[in-house]
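# Fold and contact review
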Amino acid sequence: MFKRLPNFAVTNQFGLFLLVIFFVLFFSFFTDGFSSRFNLFALSRVVAIDIMIGLAMMVVILTGGLNLSLGALGVSAAMFGGWLMETVGIPIIPAMLLTLAMGGFLGWINGYVTVKTGVHSFIVTLATMSIYFGMMTLFTEAEAFRKLPETFTDFGSLKIFNKYVSPLLLVSIFFVFLLFYFFKFTDLGRKLIAAGANPDAAELSGISVGQMFIYCHILSGLLAAVAALMLTSRIGAAIPSMAGNLGFDWLLPAFLAPVLGGTLLSGGKVTVFGTMLGAILVTLITNGLYLIEIGEFWIRFFLGIILLLAVLLDKAREFFAQKSNVLS
Amino acid sequence: MNNLCLEIKEASKKFPGVLALHNADFKLKKGSIHALLGENGAGKSTLIKIITGLYKQDSGKLLINNVETSLNSPTEAQNRGISVVHQERNLIRRFSVGENLLLNDLPKNKFGLINYKLVFERSKEWLELMDLNIDPRTVVSDLTVAKMQLCEIAKALSIKSKILLLDEPTSSLSPQETEHLFTVLQKIVREEDVSIVFVSHKLEEVFELCDQVTVLRDGKNACTSESINKLTRQNLVKLMIGREEQIIKSEKKVVSDQKTVLRLEKINTELGHHDINLTLGKGEIIGLYGLVGSGRTELAKCLLGLEKIVSGQIKINGNEVRLDSPKTALDRFKIGYISEDRKKEGLILMHNVLENAGITIWSKIKSFLSFLSDKAIHAKVDPFIRELEVKTPSYSQLISNLSGGNQQKISVAKWLAAGTDILIIDEPTVGIDIKTKSYIHELIIGLAKKGTSIVLISSDMPEMISLADRVIVMKNFKIEGNEPNSHNYADMSSKIMAYIHD
Amino acid sequence: MNFFPQEYFKKDWFGLLIVVLMSGVIISFFKPAFLSSFNLYVLMLSVSLWLVVAMSQMIIIAIGQMNLSVGAIGGLVAISFTGLMEVHGFSIPYAILTGLLIGLFCGFINGFLTVKTGISAFIITLATLYIFKGMNLGITEAQPFYQIPESIKNFGNAKIIGPVPYLIIIPIIITVMMWLLMNKTQSGRNMLAYGNSVQSSELMGISPTKVVITAHVISGFLAAIGGMLVVCRLQLGTPNIGDSWLLPSFAAPVIGGAVLAGGKVDVIATTLGVIIVAIISQALVIFKIDPFFVQILLGFMILIAVFINRYREYKEERRKKIFIYEASHE
């Protein structure tokens, strides 16, 4: 009886993969220029960043929480990096490391306050979103850093693989594999998952759950900083509004990717590859909608619908899985 | 003409893999207090859920006042006069007692606004009926559990319920509170024309309160609505477990020159433990006995550093230590805790066997860059899972798909793998079939023989007397007695009860 | 004579009232301009708007959920309201009515989806936030509607007496109605009961469908009113109305001691929360402090409020533990 139970994680990711293939074929046939070198390159640059944003949210969803401050945090870190590179004049590598440290630090604040107050991370990150973004605007006086080192900005416009792909995508894929390894094969990664899945049981098994949740928020901050650095490199400048007011533009892709990928909102489950596929799917559909000339203003509407459909499908699948279980 | 207010005829209910109820009968006479007994897994809770409209029977009939009825929801059951009294679960904790009693239909003025004066006046009447001397303006969360329960009964009466279902109502009450509850129940049966279904594990209470009894075993009736006068305690036990009550005669262990491993000196805790003194020798099993709410589990949590210790000393192997988290307890002092609530605190249901069994040893076997391989974990936990004879198709099976007994084995296995020196075992055999139960008993004795010191928390007197070397009786967060186990049931149980009830 | 009955000290709103009075006194001591007629007028205008927005969120907090789409509903209604008048020539009453219906409908969608699918309100309203906002942008193509009837402009500008704007009438009515709803009606009490414990309230025969949908419909209705009030005040219907509502909508109820897990909200305290936020924002303007400070400060105020609420809860738990311990040992 047990053997016949399909592994839903697998079917979910496989289904996503099929959807991706379907949309690629669909848009190649029905739009002009989808498979053009220019479009695929542009697509790869966007996908790269959406994957990172999705992963950054995923590691907090793991705790059963969420991180509204993701965009604000990422942009703040990137602006700090821009300041280091342009105004202070620190070499690129140390500047990037310090940027990541900043992201991690801001994530630590989120995690620390959430764990110590026992308040839901929603309200904590709502507050820190406002604080980070406000501080950042105050320090930068809402001015962009546009004279970043060329090596840094060139990376974002570099084209590889016969000029079809941006190297940014390779960076993201590197992180995907890194996180996959981390969650699957390391002591800490497993502890994070256990803490998210059942905090009480994990605590009694000798895991400091509070510590683990703080780590998740730090990781989220780090990944958001990576995403923001990649975005900076892509646009060629660090701009305060690059993720929208309060960094709110990141929120939808941040939730779409993990939710489509099959991450449980109640925590305790990560799907690194699913999140990647989710991000790819979202970017693909967005891009396709542009090409169909649906009107850029309707794109958000469709993304909202997709999120709704994704969660509804997830619910339906759960429902039918239970039903077939009962029947067998 | 019979006078049954509720009757169940040949009800069956099937779940995937189990036949939870098989042609079960149940007859509740008007104005009686009817005990419903059975071991865990005997089908009691399924029957209760059918009566309260949560489940629908696959076959068989349900009759209310001799009319065949089908109940599709708890609300519908309530409308037909059937109410369940849970422990503190049916009340809105932030609302006042009065508002809770009348929430279904609050009295309103001519503008449709709630008239609180009337709410408190009316609810006061119900409270008086229950001999409850509390202001209806009191917020529910300020009440003791016993009073909450009485409020729930008052609430059930206020919505004109004629059948009350009480599921383990005394499990966290003091003897005085239990006495009060019983007086009230007998009064409402007499005066308010109410019938009661009483579910309890405590046979003494059943004999004190009930006039009829139904026993379920393996989903079938072991007896149907017998008069209680015809039965003895031994009869009932036999009906419930299908054989005589028996105690493993574990030979008295020779505990000579045993080294004291753990010593508590004058421990006071934030939760209210007062002046706790305790010693635990190497390879010794001490039993903590007491009613639910006497502070046993809470004491365990204090030892793990989950609750604050205000004053006093904990000494491990003679050295004073500070325990601030389960992590410290496990990593530095090798103290483990097997929780009574395995689904909530013991296991991660959505994870598989290997992950659950290995959780305590991950940090120990990680290698370079904290690399952890399933193979290494497998090698470590496999002997224990085998030793415990866990029935699972594979180690990648999700824990939620295993039976209760096998789940409990896994939550024991992870602590065996951890190799603890001191193991706190909290209610190890609740909800577990007889076979696994005796298996776990042997295991505990075996562990102690190998030198593990064990603190056993149990409300199961026979279990306590079978296993413990010493029984420590707790009451109201204090230690009342410390009795070396004579392994003589009658002698020990009367001694223990004397500590609790004096 | 007991001027302050003891029980006032325990109320959520009492401490806040002191904060409001103190901050008013301190600010006007340093800057008497704070009490100028114009300043009070501006203060009241901002209170009027945020009051409606806060109530719209508060009722969802009461049932233990959250509504991210409050601003999106407000924005969609604002542009529909102005667009219908400008483009389709609707008369004012019809435009208002349609606006309200849109708000009700959006709220209904939120409530229906949440309660029927069992998916968290957070994710549902995140999706509808983008759906409503997307419709808004799709319809307007990000262009504002400028042609607003004079009578609406007048309503947005006129003062009843002294510095008191006409605009404040509706929010005051709403606040009173909300107080009655939450404290004196069966359906309000049902909502709070549901917020306290979904399971208990269901066992008590309260219908979750009814509770959740009612709360979301009221939330949508209030957001719609909020959107139209902004139109009156700005004298135009821009698509970005509502974009900045999220933070203030949570700030006031949280400062007012609302428990985000549900079951505890206080209309008076939320109102005072709105006033505190408005006074402090206004003070920053008067002291000529960078407006970005408002955002930072708002963030800190939420955090501080969360800390205080949490601390009080902790104290309360301790008190009850000891109380119950003693009661069972009597």
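Thresholds applied
- Residues numbered from 1 in each chain as written.
- Chains lettered and ligands numbered in written order.
- Predicted model: local features only at pLDDT ≥ 70, side-chain atom pairs only at ≥ 80, totals over all residues.
- Heavy atoms only, no water.
- Domains from an automatic or database assignment.
- Salt bridge = Lys/Arg side-chain N within 4 Å of Asp/Glu carboxyl O.
- Polar contact = N/O pair within 3.5 Å; in protein donor to acceptor, adjacent residues only side chain to side chain.
- Helix = DSSP H or I, 4+ residues; strand = E, 2+ residues; numbered from the N terminus.
- Nonpolar A, V, L, I, M, F, W, Y, C, P; charged D, E, K, R; others polar.
- Core = buried A, V, L, I, M, F, W, Y, C linked by side-chain atoms within 4.5 Å.
- Buried < 20%, exposed > 50% of the residue type's maximum accessible area, 1.4 Å probe, protein only.
- Contact = heavy atoms within 4.5 Å.
- Axes fitted to C-alpha atoms, helices over the stretch in contact; angles between N-to-C directions.
- Parallel < 35°, antiparallel > 145°, perpendicular 65-115°, else oblique.
- Patch = residues over 30% accessible without salt bridge, like charges linked within 9 Å, V, L, I, M, F, W, Y side chains within 5 Å.
- Areas by Shrake-Rupley, 256 points an atom, 1.4 Å probe, with all protein chains shown as cover.
- Buried area = accessible area lost by both parts, 1.4 Å probe.
- pLDDT = per-residue confidence, 0-100.
- Phe/Tyr/Trp six-rings, centres within 6.5 Å; stacked < 30°, edge-to-face > 60°.
- Pairing = 2+ DSSP bridges.

## Some remarks on the domain arrangement of chain B
Residues and elements named next belong to chain B.
- As far as domains go, chain B holds domain 1 (4-241), domain 2 (259-334 + 421-428 + 455-502) and domain 3 (340-419).
- Each of domain 2 and domain 3 was reduced to a C-alpha centroid, and the two centroids are 27 Å apart.
- The salt bridge partner of Glu345 is Lys301, with a shortest N-O separation of 3.0 Å.
- Taken together, the links from domain 2 to domain 3 amount to three residue pairs in polar contact (both at pLDDT 80 or more).
- When contributions to the side of domain 2 that touches domain 3 are tallied by element, the ones reaching two or more residues are helix H9 (296-303) and strand E17 (422-426).
- The residue inventory of the side of domain 2 that touches domain 3, partitioned by class, reads three nonpolar, one polar and five charged.

## Concerning the nonpolar core
- Ile123 and Phe183 of chain A, Ile153 and Ile196 of chain B together with Ile123 and Leu126 of chain C are the most contacted members of the largest nonpolar core, which has 317 residues in total.
- The greatest single-element share of this core, amounting to 15 residues, is contributed by helix H3 (residues 37-62) of chain C.
- In this view, Ile123 of chain C contacts Phe255, Val259, Leu265, Leu307 and Val311 of chain A; residues no more than four positions away in its chain are not counted.
- Ile286, Leu299, Leu323 and Val455 of chain B belong to the second-largest nonpolar core, a separate cluster that totals 28 residues.

## Re the packing of helix H8 (residues 169-184) of chain C against helix H9 (residues 186-196) of chain C
Residues and elements named next belong to chain C.
- H9 packs onto H8 with a crossing angle of 65 degrees between their chain directions and a minimal axis gap of 5 Å. When the interaxial angle is binned, H8 and H9 end up roughly perpendicular. Along the contact surface, H8 presents Leu181, Met182, Asn183 and Lys184, while H9 presents Gln186, Ser187, Gly188, Arg189 and Leu192.
- Here the contact of H8 with H9 is composed, by residue class, of three nonpolar, four polar and two charged.

## Description of unusual backbone geometry
All names here are of chain B.
- Even without a glycine there, the phi angle at Ser225 is positive, about 45 degrees.
- On the accessibility criterion, Ser225 (15% relative accessible area) is buried.
- The residue Asn476 is not glycine, and still its phi comes out positive at about 50 degrees.
- In this structure Asn476 comes out as partly exposed when scored by relative accessible area, which is 28%.

## Section: the pattern of salt bridges
- In the structure shown here, the tally under the stated rule is 20 salt bridges over all chains.
- With a closest N to O distance of 2.5 Å, Arg190 of chain A and Asp374 of chain B form a salt bridge. Here Arg190 of chain A is found in helix H8 (residues 187-197), whereas its partner Asp374 of chain B is found in helix H14 (residues 374-387) on a different chain.
- When the shortest N-O distance is used, the salt bridge between Arg263 of chain B and Glu265 of chain B registers 4.0 Å.
- One connected set of salt bridges, linked through shared partners, spans Asp187 and Lys191 of chain A together with Lys366 of chain B.

## Quick look at a nonpolar patch on the surface
- A cluster of nonpolar side chains, contributed by Phe14, Phe17, Leu18, Leu19, Ile21, Phe22, Leu25, Phe26, Phe29, Phe30 and Ile292 of chain A, occupies part of the molecular surface with about 1100 Å² of accessible area.
- For Ile292 of chain A, a relative accessible area of 42% corresponds to the partly exposed category.

## Side note on the interface of chain C and chain B
- At the interface, 33 residues of chain C touch 31 residues of chain B.
- Contact with chain B buries surface across chain C, with Gln186, Leu203 and Met204 of chain C losing the most and accounting together for 26% of the total.
- Breaking the side of chain C that touches chain B down by element, the ones donating at least two residues are H8, H9, helix H10 (198-203) and helix H14 (292-327) of chain C.
- Among the elements that line the side of chain C that touches chain B, the one with the most residues is H14 of chain C, at nine residues.
- Of the residues in the side of chain C that touches chain B, the class split is twelve nonpolar, 13 polar and eight charged.

## Description of the confidence of the model for chain B
Residue and element names in this part refer to chain B.
- On average, residues of chain B carry a pLDDT of 84, and 93% of them reach 70 or more.
- Looking across chain B, the model is least confident in helix H8 (residues 233-241), with a mean pLDDT of 77, and most confident in strand E18 (residues 453-457), with 93.
- Reported confidences for the modelled complex are a pTM of 0.86 and an ipTM of 0.84.

## A short note on the packing of aromatic side chains
- Per the counting criterion, the structure on display carries 26 aromatic pairs over all chains.
- Summarising the aromatic geometry, the rings of Phe105 of chain A and Trp108 of chain A are spaced 6.1 Å apart at their centres and angled 15 degrees between planes, so their arrangement reads as stacked. Note that Phe105 of chain A and Trp108 of chain A are positioned in helix H4 (residues 92-117) at a spacing of three residues, about one turn of the helix.
- The class of Trp108 of chain A is partly exposed, set by a relative accessible area of 34%.
- Summarising the aromatic geometry, the rings of Phe182 of chain B and Phe198 of chain B are spaced 5.9 Å apart at their centres and angled 75 degrees between planes, so their arrangement reads as edge-to-face. Of the two residues, Phe182 of chain B sits in helix H6 (residues 175-191) while Phe198 of chain B sits in strand E8 (residues 195-199), which places them 16 residues apart along the sequence.
- What makes Phe182 of chain B buried here is its relative accessible area of 2%.
- In this structure Phe198 of chain B comes out as buried when scored by relative accessible area, which is 0%.

## Let's talk about the side chain of Thr328 of chain B
All names here are of chain B.
- Following the sequence through the fold, Thr328 ends up in helix H10 (residues 326-333).
- Looking at Thr328, its side chain comes within polar contact range of the side chain of Ser325, at 3.0 Å.
- If we skip the residues at most four places from it in the chain, Thr328 touches Arg322 and Phe333.

## Considering the confidence of the model for chain A
Residues and elements named next belong to chain A.
- Here chain A averages 88 in pLDDT, and 94% of its residues register 70 or above.
- Mean pLDDT in chain A bottoms out at helix H13 (residues 299-327), which sits at 75, and peaks at helix H10 (residues 209-235), which reaches 96.
- In this model, residues 1-6 is a region of pLDDT below 50 whose contacts with residues beyond four sequence positions or in other chains number five contacts.

## Observations concerning the sheet that holds strand E9 (residues 212-217) of chain B
All names here are of chain B.
- Taken in spatial order, the six strands make up an open sheet running E6-E7-E8-E3-E9-E10, and their pairing is mixed. Lying at the two open borders of the sheet, with one neighbouring strand each, are strand E6 (82-85) and strand E10 (220-227). On average, adjacent strands in this sheet sit at an angle of 15 degrees to one another, irrespective of strand direction.
- The strands that helix H5 (residues 145-158) touches are E6 and strand E7 (163-167); relative to E6, the one it contacts most, it runs at about 175 degrees.

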